[in-house]
Structures are given as structure tokens and as C-alpha cells.
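# Summary of the model geometry
Spelled out, the chains give:
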Amino acid sequence: YQHLDPQVVGFAAPLSHVAFELRNERRHPPSKDEDLFIEALKLVVALDSPLGSRGVVLNSIYNCVNSNRRDSLGWQRALLKAGCARRLLE
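Report follows, based on the coordinates.

The rules behind these values
Note on numbering: residues in each chain are counted from 1, in written sequence order. This being a predicted model, a pLDDT of at least 70 is required before a residue's local features are given, and a value of 80 or more before pairs of side-chain atoms are given or counted; all residues contribute to the totals for chains, interfaces and linings. The basis for the side-chain values is all heavy atoms of the structure; hydrogens and waters are excluded. Helix and strand assignments come from DSSP, with helices taken as H or I runs of at least 4 residues and strands as E runs of at least 2, each series counted from the N terminus. Side-chain atoms within 4.5 Å link the members of a nonpolar core, which is a set of buried Ala, Val, Leu, Ile, Met, Phe, Trp, Tyr and Cys residues. Only protein chains enter the calculation, and the probe is 1.4 Å; a residue is then buried if its accessible area is under 20% of its type maximum, exposed if over 50%, and partly exposed in between. Planes of paired rings set the category: under 30 degrees apart is stacked, over 60 is edge-to-face and the rest tilted, where pairs are Phe, Tyr or Trp rings (Trp by its six-membered ring) whose centres lie within 6.5 Å. Geometrically, a charge over a ring is one whose NZ (Lys) or CZ (Arg) sits within 6 Å of the ring centre while staying within 35 degrees of the ring normal. Salt bridges are defined by distance alone: a side-chain nitrogen of Lys or Arg within 4 Å of a carboxyl oxygen of Asp or Glu. A helix's residues, less one, multiplied by 1.5 Å, set its expected span. To be clear, the arc concerns the directions from the helix axis to the C-beta atoms. By definition, residues are in contact when any of their heavy atoms lie within 4.5 Å. Under this definition, polar contacts are N or O atom pairs within 3.5 Å; protein pairs additionally need one hydrogen-donor-capable and one acceptor-capable atom, and for neighbouring residues in sequence, both atoms have to be side-chain atoms.

To continue, consider the environment of Pro 14. As for its position among the elements, Pro 14 is in the loop between helix H1 (6-9) and helix H2 (20-23). Measuring from C-alpha to C-alpha, the distance between Pro 14 and Leu 4 comes to 9.3 Å, with 10 residues separating the pair along the chain.

Right under this line is the structure:
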């Protein structure tokens, strides 16, 4: 492709081949269960914190669970493991 003159072909110049692994790099890989648990534990602790509003924390929990299809089950498991359901029923 080096023999093509950019002044002649402009943006119609063909692109070189890119390997499949390089094309499909994940920008946002799935979260690890440990990371989700740590964040869920922070949210559960924040429920009783006098510094924050309980409504804001509940909104954050709702947004985490309903964030996307891939991470929703992980968030649900992490929140249950962190004791969120028990804390909400108290």
C-alpha cells in the first residue's frame, strides 16, 4: 500500500490488516467478585453513616443492581454477601 499516492486516493486508501486480538480489546472487562464485594460493603456501611443521606445510598445500590445485564448478578451476590438485605430490613 506504500505505492498509493495519498494526494490521489485521499481517504479511500485501503487500510492494512489488524489482528483480531488487537481489534476486539475489551475496554471495560467484567468486575471481579472481590472488587464488587468491597464496593458493596462500603455501600452497606454507608447506610448507617451519619455523614451521608440514606436515600443517596439506596439510589447508588439501585443503580449498581440495575447498571447492566452483565454485572447485575454480580452486584446482587455481592450485596447479599455484604448483608445489605438484613440491613435494609432492620
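Now that the structure has been shown, we can carry on.
This part is about the nonpolar core. Membership of the largest hydrophobic core comes to 14 residues, with the highest contact counts inside it found for Ala 40, Leu 43, Val 57, Ile 61, Trp 75, Leu 79 and Cys 84. When contributions to this core are tallied by element, the ones reaching two or more residues are helix H3 (33-47), helix H4 (54-65) and helix H5 (69-81). Take this core: its biggest share by element is 5 residues, from H3.

Our focus in this paragraph is the packing of aromatic side chains. Each aromatic ring pair is summarised here by two numbers: the centre-to-centre distance and the angle between the ring planes. According to the stated counting rule, one finds 0 aromatic pairs in the structure shown. Looking at Lys 81, its charged tip hangs above the ring of Phe 37, at a distance of 4.9 Å from the centre.

With that settled, the discussion passes to the pattern of salt bridges. Any two side chains of opposite charge can pair, given that their charged atoms come close. Under the criterion given, the structure shown has 4 salt bridges. A salt bridge links Glu 39 to Lys 42, with the shortest nitrogen-to-oxygen separation between them at 3.5 Å. On the criterion of helical spacing, the pair formed by Glu 39 and Lys 42 is a turn pair, its members being 3 residues apart in helix H3. For the salt bridge of Arg 87 with Asp 48, the shortest nitrogen-to-oxygen distance reads 2.6 Å.

The next point concerns H3. For H3, spanning 15 residues, the distance from its first C-alpha to its last is 21 Å, which sits close to the expected 21 Å at 1.5 Å a residue. Every buried residue belonging to H3 is among Leu 36, Ala 40, Leu 43, Val 44 and Leu 47, and all of these are buried. Looking straight down H3, one finds its buried side chains confined to an arc of 100 degrees; they lie on one side. Residues of H3 that are exposed and point more than 90 degrees away from the buried face comprise Glu 34 and Val 45. Along its buried surface, H3 packs onto H4, H5 and helix H6 (84-89).

Looking now at the side chain of Ser 72. Structurally, Ser 72 can be placed in helix H5. Take Ser 72: its relative accessible area is 13%, and that puts it in the buried class. A polar contact of 2.7 Å, which involves the side chain of Ser 72, links it to the backbone oxygen of Val 65.

Moving on: the environment of Trp 75. Within the fold, Trp 75 resides in helix H5. With 35 residues separating them in the primary sequence, Trp 75 and Ala 40 have C-alpha atoms 7.5 Å apart. Filtering out sequence-adjacent residues up to four positions away, Trp 75 remains in contact with Leu 36, Glu 39, Ala 40, Cys 64, Val 65 and Ser 67.

Spatial relationships are all this shows, so hold off on functional conclusions.
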